[in-house]
Amino acid sequence: MPQRFARIGVAGAGAWGTALANAAARAGREVVLWSRDGAAIAAMEASRVNRAHLPGVELASSVSLSTSLHSLSTCDAVLLVVPAQASREVAHALAAELPPGTPLVTCAKGIERGTSLFMTQVLREACPQALPAILSGPSFASDVAAGLPTAVTLAAQQVSTAEALATALGSPSFRLYHSDDVRGVEIGGAAKNVLAIAAGIVGGRGLGASAAAALIARGFAELMRFGRAYGARAETLTGLSGLGDLILTCSTTQSRNYALGVSLGKDDGFHPAGKLAEGALTASVLVAMADAKGVDMPIARAVEAVLAGRVGVEEAIGSLLTRPQKAEA
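Every value quoted in this text rests on a predicted model; they were computed, and no experiment measured them.

Visitor: Mind laying out helix H12 (residues 278-292), listing which residues take part and the relevant values?
Guide: Taking 1.5 Å of rise per residue, 15 residues should cover 21 Å, and H12 covers 22 Å from first to last C-alpha, within 8% of that figure. Where H12 bends most, the angle comes to about 30 degrees, and this point is Ser284. Close packing links the buried residues of H12 with helix H7 (182-205), helix H8 (209-229), helix H11 (256-265) and helix H13 (298-308). Gly294 occupies a position one or two residues after H12 and carries a positive phi of about 65 degrees.

Visitor: Before we move on, can you summarise the UniProt feature "active site" (unreviewed entry) in the protein with the specific residues and values?
Guide: The UniProt record marks Lys192 with the feature "active site" (unreviewed entry), using the residue numbering of this structure. Position of Lys192 relative to the elements: it lies in helix H7. Those residues in contact with Lys192 that sit more than four places away from it in its chain are Lys109, Leu223, Asp245, Leu246 and Thr249.

Visitor: Help me get a handle on the side chain of Ser73, residues and values and all.
Guide: One can find Ser73 in the loop between strand E5 (63-66) and strand E6 (77-80). From its side chain, Ser73 meets the backbone oxygen of His70 in a polar contact 2.6 Å long. Not counting the four nearest positions on each side in its chain, Ser73 is found in contact with Glu97, Leu98 and Pro99.

Visitor: Describe the environment of Thr102, and please don't skip the residues or the numbers.
Guide: Structurally, Thr102 is set in the loop between helix H3 (87-94) and strand E7 (103-106). For the pair Thr102 and Leu131, spaced 29 residues apart in sequence, the C-alpha to C-alpha distance is 5.8 Å. With residues up to four places along the chain from it excluded, the contact list for Thr102 reads Cys75, Asp76, Ala77, Gln129, Ala130 and Leu131.

Visitor: Account for the packing of aromatic side chains, naming residues and giving values.
Guide: Evaluated as defined, the whole model comprises two aromatic pairs. Between Phe118 and Tyr230, the aromatic rings sit 6.2 Å apart at their centres with planes inclined by 75 degrees, giving edge-to-face as the arrangement. Taken as a pair, Phe118 in the loop between E7 and helix H4 (119-126) and Tyr230 in the loop between H8 and helix H9 (234-237) lie far apart in primary sequence, 112 residues in all. Of the residues examined, Phe118 reaches a relative accessible area of 3% and is grouped as buried. Residue Tyr230 is classed as buried on the basis of its relative accessible area of 18%. In this structure an aromatic cluster arises from ring pairing among Phe118, Phe226 and Tyr230. Note that Lys293 overlies the ring of Tyr230, its terminal NZ or CZ placed 5.0 Å from the centroid.

Each value, and the rule that gives it
- Residues numbered from 1 in each chain as written.
- Predicted model: local features only at pLDDT ≥ 70, side-chain atom pairs only at ≥ 80, totals over all residues.
- Heavy atoms only, no water.
- Helix = DSSP H or I, 4+ residues; strand = E, 2+ residues; numbered from the N terminus.
- Expected span 1.5 Å × (residues − 1).
- Bend = angle between axes of the 7 residues up to and from the residue.
- Contact = heavy atoms within 4.5 Å.
- UniProt positions renumbered as here; feature names shortened; annotations may be inferred.
- Polar contact = N/O pair within 3.5 Å; in protein donor to acceptor, adjacent residues only side chain to side chain.
- Phe/Tyr/Trp six-rings, centres within 6.5 Å; stacked < 30°, edge-to-face > 60°.
- Buried < 20%, exposed > 50% of the residue type's maximum accessible area, 1.4 Å probe, protein only.
- Lys NZ or Arg CZ within 6 Å of the ring centre and 35° of its normal.

Below is the structure:
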């Protein structure tokens, strides 16, 4: 009998969590949107708008709000929409609430620092009774919340679970493709954020459209090499959650990672206290994992060196431009 997901929980009421709550409601689901921030939930209850993170977008009537994780225990599936480095903490807290077999879908794009674990691996450790899955792809919260056409990928180890979740969350304006290549979807989302910082540096430095195109193409080659080394399928990396997300994230300051790169390129500096750019936290672990498998990732390595303060932007650009000539691969 096919799985039915009538009630969807969303853990995390930032811009992306709020957008996904509205998308699930648009698909006909009953939704519980959770945040530990009582003041934020109270403000959203009063106005039905997440003014702090997604102003101008009204919450759907079928979205209820809660500060109690227990309210997610009655949900048929839960979307975990918190930053990558906070995912373990929240997933561990959910372990006391979720019934065995509940799909827990990470919507973060990163790799855990300190453990070098991908997001679904973190979920397996922190909430072992849940069924880990991942939702990723080229999407901005404002577009999804407004009902603009968007397509993403939802992957789970059991393709039947991925397909059922994609069907439950999908609508004419929010199309979900399902997959069982969990690792490929995870790698695309994590690596593209680091490469988007490099693209932003190119934009901020005013190096031109030709340089930007070359950066994206060579960055994608790095993503492919890393993906192959860690077991991703090529068709996943060339799809929505890989190439599609890379193109989007490398093209506009709506992307926090690209915007950070622009700031670095303009010599405005690295401001870690500003809006979260997941790539800034993923860069060092991505490079370390590439080194462990002997994967050549010069662009990612240059980003990591700039973020760590070991080299300046000019030196990083120079090192890439003076690499030895070789055949394209």
